[in-house]
Each structure stands twice: as C-alpha cells, then as structure tokens.
Protein chains: 2
Amino acid sequence: MSRTDKITNSTRQRILAEAALLFRRHGYRGTSTRQIAEAVGIKQPSLFHHFPNKQAILEELLAISLDDSLARAQRAASASGPVARRLYDYVLWDLATLHRLPFALSGIYAHDVLQDPALAPWSTKLEALYANLRSLIDQGVRSGEFRPMSPGLGQAMVAGVTLSHIDYAAEHTGGDPDELALAGAAFILGGLLRDPESLDRLVKSHDRPSS
Amino acid sequence: MSRTDKITNSTRQRILAEAALLFRRHGYRGTSTRQIAEAVGIKQPSLFHHFPNKQAILEELLAISLDDSLARAQRAASASGPVARRLYDYVLWDLATLHRLPFALSGIYAHDVLQDPALAPWSTKLEALYANLRSLIDQGVRSGEFRPMSPGLGQAMVAGVTLSHIDYAAEHTGGDPDELALAGAAFILGGLLRDPESLDRLVKSHDRPSS
DNA sequence: GTCTATAGTATGATAGAC
DNA sequence: GTCTATCATACTATAGAC
C-alpha cells in the first residue's frame, strides 16, 4: 500500500471505476482498452500513460478487493471461540465491505481470468482465502456446529454466495450495505448450521461490524 | 431436440466436451478455436465442418444445460403445495442433473458472455429461469415459510450456490451426484427457511429424484 | 472429413507531436 | 496528459485441394 492516492478523483481513478464496471459486464477479455478509454472520455493510447498495460488495471482492482479479505479470513480461521461466530462475523464484514466498494467489482474472481499464469500471485491469494474458509468449515463440522459436509464443497458454496452478492450489488445500487450483508450472512450460516436456532443468537448478539 | 445424435461419440461430441472444459477453465473468450481443435486432435479449420462458427458450439452447450432447468423451474413456480417442498425438489433435481452432465459445463452462465447481443435468446431464457426462482422465493416469504428477504437477492444467492456446484463438479470428479445435490439443496433451504426444522422433514420425506 | 493457405478484423501497445 | 498514426499480433472464418 505504498501509493499516494489520497482523494485523487483523477483520471486514474475514473479508469479503475469504468474498467471495473466493464469487466463485470463483459468480462476482462471481453472488454477492450478502447471501450475503457471511451467510457472515461479519452482516447485509447492515453490509458497507457496511467497504467503500463491492461493487466495492471485488473491487478489494482484485485488488490483492492482481495488483500483485506484474505487478512480477515486468516484471522478468523486461526482465532479461538465458536466457529459459527467467527465465520458469521467474517462474512458479515466481507459482504458489508464489498457492498461499500466504489467499484462494481467482479468478473474478476472469475476463474478463467485468474487462470492466466501472469496472474498467478493473485490466484495464489484467492486460493489462500479459500483455504481459510475450508479450515473454518472443517472446524465447524468437527465441533458439531455445522452439518457434516465436505469442506471443499462448503467453501465453494460460501464463495458462490459471496460472488452472487457482488453481482447483485452491481445491478441494484442504493441498497443498504449492512442490510444486504446481514441477509447474506444469515443465508450462509443458515445453510451451514446444524442447529439453526443458534443463528438467532448470532444475529442478535452482533454489534455493527467494525470497518 | 430435433437432432439425430443417438450415441454418436463422434468428433462433434468430442468438440463439445473439449470446448466445455476449456470454456470453464479459460472462459469463452479466453478459449480460441485453435485450442479447441488441438484438444480434439484436429486442425483449427476442421472445426468449421462440424459447427458453423464458434458461437454455435457455445449455444449447443447452453441448450443442453438450460432448457430442462427452465421447464422444471416453471413447473415448480406454478405448482401448488408448500413452496419449500417445490423449491427443494427443483434444486435437488437441478444439481443432481448438473452433476451427471458429461460436460464440465460453466463459464457459460457467466454474465459477460451472455451479455453479447448475439446470445440474447439465451440471456432471455436464463432470465426467465431466474424469474421463476424469484417467484418461488417471493411465494415462500409471503407464506412465512422463508425468512423475509428481497426475492432478487434470494434468487441471486440460490443461483450463486448452483454455480458453485458447477465449478466444484468440474474440479472434483467422481463424487456421488445425489450426495452432492443433497448437500446443495440442504444448504439452500437452510439458508432460506424461517423454521429450519422443516428442513429435516423435507430431507427425510424425499424419494430419489426422478430423472 | 481433414488439410494448407490465407483473408479480414480487432486487439494491446508504441512512437512521437503538441 | 492527451492526441494521431501505426505496428505487431492473434483471432475467427473462408477457399479450395486431397
């Protein structure tokens, strides 16, 4: 995070915003640098004054959306206490953060793009995030808090719900981030918990997520 | 369904299978016709003897995966009886079918591809499928079976879980389709139901899904 | 039904003036 | 920091021989 972009609502930021929107709509590969430039209101070669290449735009968006999530997931997986509580708090924070992003992120976690060897470091980070989720689910299954299930499948489904929120957010602006996050976290925990009454306890005892 | 491909394990079928695999891995746009041809073991122009163009390959895969699901969702949404039962049975059938497909489908529902105007008919079909899911969720919320939630968000999350199964299936072959479908249906219903004890009843009273 | 050769197009990126 | 002009490349698809 050694950058100097305090509140630079500059061309650079507008490129990121428009690119994120287009990447979500048409995918990374389905979006041309000409389209991004047109959306920003400049000509295509001018993009390359702000970013060395198209991939650098994608990588900056990945950094925005992945780094914090991975750190939080790591802490959640290695902390102590009831797993349901830790996973619930993590999901709640993740979704609320996601719904507050200034960028319509997505089309970015799509496996196809991260499969590119040039993006291997990001693929590794996403895999690390997923490994923490698998660990959490495994802990919950072993402790009896969650229904028996393959941690891999559980992780995939949790990630699937998260991705669905990214898409939903992009097409339904104006929703309350916390409300959406609560709905998502309740759905996920409801899907995992063996004794779903404990969900009520989770919801009721939760203070607002700290940024 | 006016085709004549009984058990033609022909070049045509192998093109479909390899294309499906590559589309999932690298996306539709990230997969070149040369890659498909190479995977099949022929040269690139030979593809065009079997399909008029690249898009036709995608469309055939879409037909395989979408037509039946839409029909089933339509019936589920307009039938009578408890919503939870109808949605549970639909999801169970959908996931079990999906896990039995000979093709590693996906990368296909990705919004970015369907956004192409040339694929508008398929985009319409997917939207119709989603509208039926929204209707089911809305019915469930109104009847009190499901927790209060926006039908749009609920539909998105259900679809997200389904997509996660497609991905999971592609990377973990050999799992029991029915078992995976049960886990997915339980997750979804657990996420939706207000009174999750009724989930036990759904699971226990269910006979095996008819093909 | 498959091949070689190639047309036609769109793309990401660079050079250099202003 | 943006522009015009352009290069090099990769792609989908066609033509026509075998």
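The model shown is predicted, which means the values in this text are computed figures rather than measured ones.

## A word on the side chain of D112(A)
Phase 1 of the analysis: Note on placement: D112(A) falls in helix α6 (residues 111-114).
Phase 2 of the analysis: Buried within the structure, D112(A) lacks any salt-bridge partner; R29(A) is the closest side chain of opposite charge, at an N-O distance of 4.1 Å.
Phase 3 of the analysis: Setting aside residues up to four positions removed in sequence, D112(A) forms contacts with R29(A), R25(B), H26(B) and G27(B).

## Thoughts on the packing of helix α8 (residues 151-171) of chain A against helix α9 (residues 177-192) of chain B
Phase 1 of the analysis: Orientation of α8(A) relative to α9(B), taken along the N-to-C sense of each, is 45°, at an axis distance of 11 Å. Between α8(A) and α9(B), the interaxial angle falls into the category oblique. The way α8(A) lies across α9(B) gives a crossing that is right-handed. Residues L153(A), M157(A) and V161(A) of α8(A) form the contact with α9(B), whose own contacting residues are L180(B), A183(B), G184(B) and F187(B).
Phase 2 of the analysis: Residues that form the contact of α8(A) with α9(B) fall into these classes: six nonpolar, one polar and no charged.

## Observations regarding the protein's contact with DNA strand D
Phase 1 of the analysis: Taken together, 16 residues surround DNA strand D, and among them K43(A), H50(A), T33(B), R34(B) and K54(B) come closest.
Phase 2 of the analysis: Put simply, 56% of the atoms of DNA strand D that lie within 4 Å of the protein are in sugar or phosphate.
Phase 3 of the analysis: Contacts to DNA strand D include Q44(B), whose side-chain N or O atom sits 2.9 Å from a base nitrogen.
Phase 4 of the analysis: Of all the secondary-structure elements, those providing two or more residues to the surface near DNA strand D are α3 (47-50) of chain A together with α2 (33-40) of chain B.
Phase 5 of the analysis: Of the residues assigned to the surface near DNA strand D, the class counts are four nonpolar, nine polar and three charged.

## Structural notes on the protein's contact with DNA strand C
Phase 1 of the analysis: Inspection of the region around DNA strand C gives 16 residues, with T33(A), Q44(A), K43(B), S46(B) and H50(B) positioned closest.
Phase 2 of the analysis: Among all atoms of DNA strand C positioned within 4 Å of the protein, those belonging to sugar or phosphate total 55%.
Phase 3 of the analysis: Q44(A) places a polar side-chain atom, nitrogen or oxygen, 2.8 Å from a base nitrogen of DNA strand C.
Phase 4 of the analysis: Here a phosphate oxygen of DNA strand C and a side-chain polar atom of S46(B) are 2.8 Å apart.
Phase 5 of the analysis: Breaking the surface near DNA strand C down by element, the ones donating at least two residues are α2 (33-40) of chain A together with α3 (47-50) of chain B.
Phase 6 of the analysis: By residue class, the composition of the surface near DNA strand C is four nonpolar, nine polar and three charged.

## Thoughts on helix α5 (residues 83-100) of chain A
Phase 1 of the analysis: Here α5(A) is 18 residues long and its end C-alpha atoms lie 26 Å apart, about the 26 Å a rise of 1.5 Å per residue gives.
Phase 2 of the analysis: With respect to burial, α5(A) is a largely interior element, 14 of its 18 residues being buried.

## Looking at the packing of aromatic side chains
Residue and element names in this part refer to chain A.
Phase 1 of the analysis: Considering all chains together, one arrives at five aromatic pairs over all chains under this definition.
Phase 2 of the analysis: On the numbers, 5.2 Å between centres and 75° between planes, the contact of F23 with Y28 is edge-to-face. For the pair F23 and Y28, a shared accessibility class is recorded, and that class is buried.
Phase 3 of the analysis: Summarising the aromatic geometry, the rings of Y90 and W93 are spaced 6.4 Å apart at their centres and angled 40° between planes, so their arrangement reads as tilted. Of the two residues, Y90 and W93 are both situated in helix α5; the distance of three residues between them amounts to about one turn of the helix.
Phase 4 of the analysis: For Y90, a relative accessible area of 6% translates into the label buried.
Phase 5 of the analysis: Over the aromatic face of Y28 sits the side chain of K54, whose NZ or CZ is 4.4 Å from the ring centroid.

## A short note on the relation of the copies chain A and chain B
Phase 1 of the analysis: Mapping chain A onto chain B calls for a screw motion: a turn of 180° about the axis and a shift of 0.0 Å along it, with 0.1 Å RMSD after fitting. Taken together, these values place the two copies in the relation of a two-fold axis.

## Re the environment of Q74(A)
All names here are of chain A.
Phase 1 of the analysis: Relative to the helices and strands, Q74 is located in helix α4 (residues 54-78).
Phase 2 of the analysis: Overall, Q74 belongs to the partly exposed group, its relative accessible area being 41%.
Phase 3 of the analysis: Note: C-alpha distance between Q74 and Y90 (16 residues apart in sequence) is 9.9 Å.

## A few points about the UniProt feature "domain: HTH tetR-type" (unreviewed entry) in chain A
Phase 1 of the analysis: The feature "domain: HTH tetR-type" (unreviewed entry), as annotated in UniProt, sits at residues 9-69 of chain A in this numbering.
Phase 2 of the analysis: Taken as a whole, residues 9-69 of chain A contains 72% helix and 0% strand, while its terminal C-alpha atoms sit 24 Å from one another.

## Section: the confidence of the model for chain A
Phase 1 of the analysis: In this model, chain A carries an average pLDDT of 91, and 92% of its residues clear a pLDDT of 70 or more.
Phase 2 of the analysis: Within the model, the stretch residues 1-7 of chain A combines pLDDT values under 50 with four contacts to residues more than four positions away or in other chains.

Criteria and cut-off values
Residues numbered from 1 in each chain as written. Chains lettered and ligands numbered in written order. Predicted model: local features only at pLDDT ≥ 70, side-chain atom pairs only at ≥ 80, totals over all residues. Heavy atoms only, no water. Helix = DSSP H or I, 4+ residues; strand = E, 2+ residues; numbered from the N terminus. Buried < 20%, exposed > 50% of the residue type's maximum accessible area, 1.4 Å probe, protein only. Lys, Arg positive; Asp, Glu negative; His and termini not counted. Salt bridge = Lys/Arg side-chain N within 4 Å of Asp/Glu carboxyl O. Contact = heavy atoms within 4.5 Å. Axes fitted to C-alpha atoms, helices over the stretch in contact; angles between N-to-C directions. Parallel < 35°, antiparallel > 145°, perpendicular 65-115°, else oblique. Left-handed = near helix turned anticlockwise from the far one by under 90°. Nonpolar A, V, L, I, M, F, W, Y, C, P; charged D, E, K, R; others polar. Near = heavy atom within 4 Å. Polar contact = N/O pair within 3.5 Å; in protein donor to acceptor, adjacent residues only side chain to side chain. Expected span 1.5 Å × (residues − 1). Phe/Tyr/Trp six-rings, centres within 6.5 Å; stacked < 30°, edge-to-face > 60°. Lys NZ or Arg CZ within 6 Å of the ring centre and 35° of its normal. Least-squares fit on C-alpha atoms with pLDDT ≥ 70 in both. UniProt positions renumbered as here; feature names shortened; annotations may be inferred. pLDDT = per-residue confidence, 0-100.

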